[in-house]
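Breakdown of the fold
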Amino acid sequence: MSLLFSNCKLFTHLGRVNGDVLVGEDGKIAKIGHNLASDETINLHGKLLLPGLIDPHVHLRDPGQTYKEDFYTGTCAALAGGVTTILDMPNNSPPIISQQRLNEKNSVAKTKAVCDYGFHIGATDSNALEAQNSNAVAMKLYMGSTTGDLLVENENSLQNIFSTFKRTIVVHAEDNKCIKEASVAVYHAAENHNKMRPPLCAEISLKKAIDLTKKHSAKLHVAHMSTGGEVELVKQAKKSGLRVSCEVTPQHLFLTEEATREKGNFARLNPPLRSKSDQQALWANLSSVDCIATDHAPHTIEEKQKPYDEAPSGLPGLETTLPLLLDAFSRKRISLEEIVRLTSFGTSQVFGLVGKAQLAVGFDADFVVVDLEKETRVENGDLWTKCNWSPFDGMKLKGQVVQTFLRGNEVFDGENICVKQGSGKNVNWK
Ligand code: DOR
Ligand code: ZN
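The paragraphs below set out a description of the structure included in this document. (Residues numbered from 1 in each chain as written. Chains lettered and ligands numbered in written order. Predicted model: local features only at pLDDT ≥ 70, side-chain atom pairs only at ≥ 80, totals over all residues. Heavy atoms only, no water.)

Here we come to the overall build of the chain. Secondary structure summary: the chain contains 14 helices and 18 strands in total. Taking 22 Å as the expected radius of gyration for a compact globule of 430 residues, we find that the chain reaches 21 Å, a close match to that expectation. When its C-alpha atoms are laid out on the principal axes, the chain stretches across 65 × 45 × 40 Å. Looking at the chain alone, contacts between residues at least 24 apart form 74% of all its contacts between residues at least 6 apart. The centroid of the 48 positive side-chain charges in the chain is displaced by 4 Å from the centroid of its 51 negative side-chain charges. (Helix = DSSP H or I, 4+ residues; strand = E, 2+ residues; numbered from the N terminus. Rg over C-alpha atoms; globule rule 2.2 N^0.38 Å. Contact = heavy atoms within 4.5 Å. Lys, Arg positive; Asp, Glu negative; His and termini not counted. Charge placed at Lys NZ, Arg CZ, Asp CG, Glu CD.)

Spelled out as structure tokens, the structure:
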């Protein structure tokens, strides 16, 4: 049965497109134009229709830590936030560092996920070749320690990874030696998290990753870029023709280290929330950023309430990212084209995702319908994520997701998830 989306405002990364969207029986866009015939029509009454978001950086904790999140709750949160495809991180317990573990994760996702998904494989000292031969979309390399025990510091291992892995290497750039040294002289408290893991550590590590990228003609993607210094390093690398891309998170765009004073561990993540001037550098250089990633990293309220040295780092974000960006649009801080580029088109380009992220014939009909006038308040206890809290609790945001479609099917109607567990599919990449 064909389905027509009529009376909608279409936006792509290039701007407004005039017309209605016809979706074929195969769940792909069949035509964009006027006066199109269809079996069924959805009149959007002038609402905005954007490509579904593609989030390259989430931690859905499944398998291993499903008390924090699982593939069903995490992907429900995704759909409620307008995210139709996620790439899941490998720092599970145990970590996803082999094809066998990827297969195990895939068999869980297959039965639970309600949005489309792909996986990153974790780098170790010895799995570069197995990673290269695996079916993971990309490799995640932790150069600084964080949640889980994935970490590569050894020089030979790093050389081997950058010379062997040919797809995208996603780097968590925070130099571990630098972090250890910095944290000695600092009073351990959430308010000092940015001093425990200062910008310098991120910049030392990123410089090393870029040097390795250059030496081995590798392909690097900088996860959660958070400082002005990193922005300059990435801009320079791009200018000199290296294959370097980067993402920023909404937490680094919309919060600063000030938030840790009020929220303690509930505003603590790695890399930390930074200073106002670092935050400004991210906003001022969005045109050099390839994508926005939620880095959705749920932990329970009980875990976050523990003393600093025992509490984990990481913040949930799948449901709040698009509303935060739409609110920024309403304040004239960002354009709709830029939102689309950063949340879908850019990500699909970096990771070579096939058939996603474009309002064009032949692409999957993954859409988010947005009401730009609707205001909502982010509220702890009112979220789909299993952890059910948000660092943005209490914020009033203008612009809301009212419907989400995945491959032509309504999957979120503004209040409910409308599909069965296991309807998500593995993404194709090239
Ligand atoms: O704050 C963080 N939390 N940073 C990471 O790198 C990992 C993440 C998590 O998995 O909790
Ligand atoms: Zn992460």
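The next subject is the site of ligand 1. Neighbouring ligand 1 are the residues H59, R61, N91, T146, T147, H172, L269, N270, A297, H299, S313 and G314. For ligand 1, an oxygen atom lies 2.8 Å from a polar atom in the side chain of R61. Here an oxygen atom of ligand 1 and a side-chain polar atom of H172 are 3.1 Å apart. In isolation ligand 1 offers 290 Å² of accessible surface; the protein chains occlude 100% of this area. By residue class, the composition of the shell around ligand 1 is 2 nonpolar, 9 polar and 1 charged. (Near = heavy atom within 4 Å. Polar contact = N/O pair within 3.5 Å; in protein donor to acceptor, adjacent residues only side chain to side chain. Areas by Shrake-Rupley, 256 points an atom, 1.4 Å probe, with all protein chains shown as cover. Nonpolar A, V, L, I, M, F, W, Y, C, P; charged D, E, K, R; others polar.)

On to the pattern of salt bridges. Per the counting criterion, the structure on display carries 18 salt bridges. For the salt bridge of D70 with K386, the shortest nitrogen-to-oxygen distance reads 2.8 Å. With a gap of 316 residues between them, D70 in the loop between β8 (53-58) and α1 (71-80) and K386 in the loop between β16 (367-377) and β17 (396-406) connect regions that are remote in the sequence. Relative accessible area serves as the criterion here: at 11%, D70 is assigned to the buried category. Residue K356 pairs with D116 through a salt bridge whose shortest N-O separation is 2.7 Å. In this pair, K356 sits in the loop between α14 (336-351) and β16 while D116 sits in strand β10 (residues 116-122), placing the two residues 240 residues apart along the sequence. A relative accessible area of 4% places K356 in the buried class. (Salt bridge = Lys/Arg side-chain N within 4 Å of Asp/Glu carboxyl O. Buried < 20%, exposed > 50% of the residue type's maximum accessible area, 1.4 Å probe, protein only.)

Backbone-to-backbone hydrogen bonds join strands into a sheet, with any given pair of strands oriented parallel or antiparallel. Reading across the sheet, the 8 strands line up as β8-β9-β10-β11-β12-β13-β14-β15 and stay open at both edges, with parallel pairing between neighbours. A single partner strand is all that each edge strand has here, and the edge strands are β8 and β15 (291-292). Across the sheet, helix α7 (residues 199-216) touches β12 (168-172), β13 (219-222) and β14 (243-248), and the angle it forms with β13 is around 160°. Contacts between helix α8 (residues 228-239) and the sheet are confined to β13 and β14, with β14 contributing the most and set at about 150° to the helix. (Pairing = 2+ DSSP bridges. Axes fitted to C-alpha atoms, helices over the stretch in contact; angles between N-to-C directions.)

Moving on to the sheet that holds strand β6 (residues 40-43). The sheet built from 4 strands is open, its strands ordered β5-β4-β1-β6 with mixed pairing. Only two strands of the sheet have a single partner each, and these edge strands are β5 (29-33) and β6. The mean inter-strand angle of the sheet, taken between neighbouring strand axes irrespective of direction, is 20°. The pairing of strand β1 (residues 3-6) with strand β4 (residues 20-23) spans 3 bridges and is classified as antiparallel. Paired with L4 across the bridge in β4 is L22.

Just distances and angles here, no functional claims.
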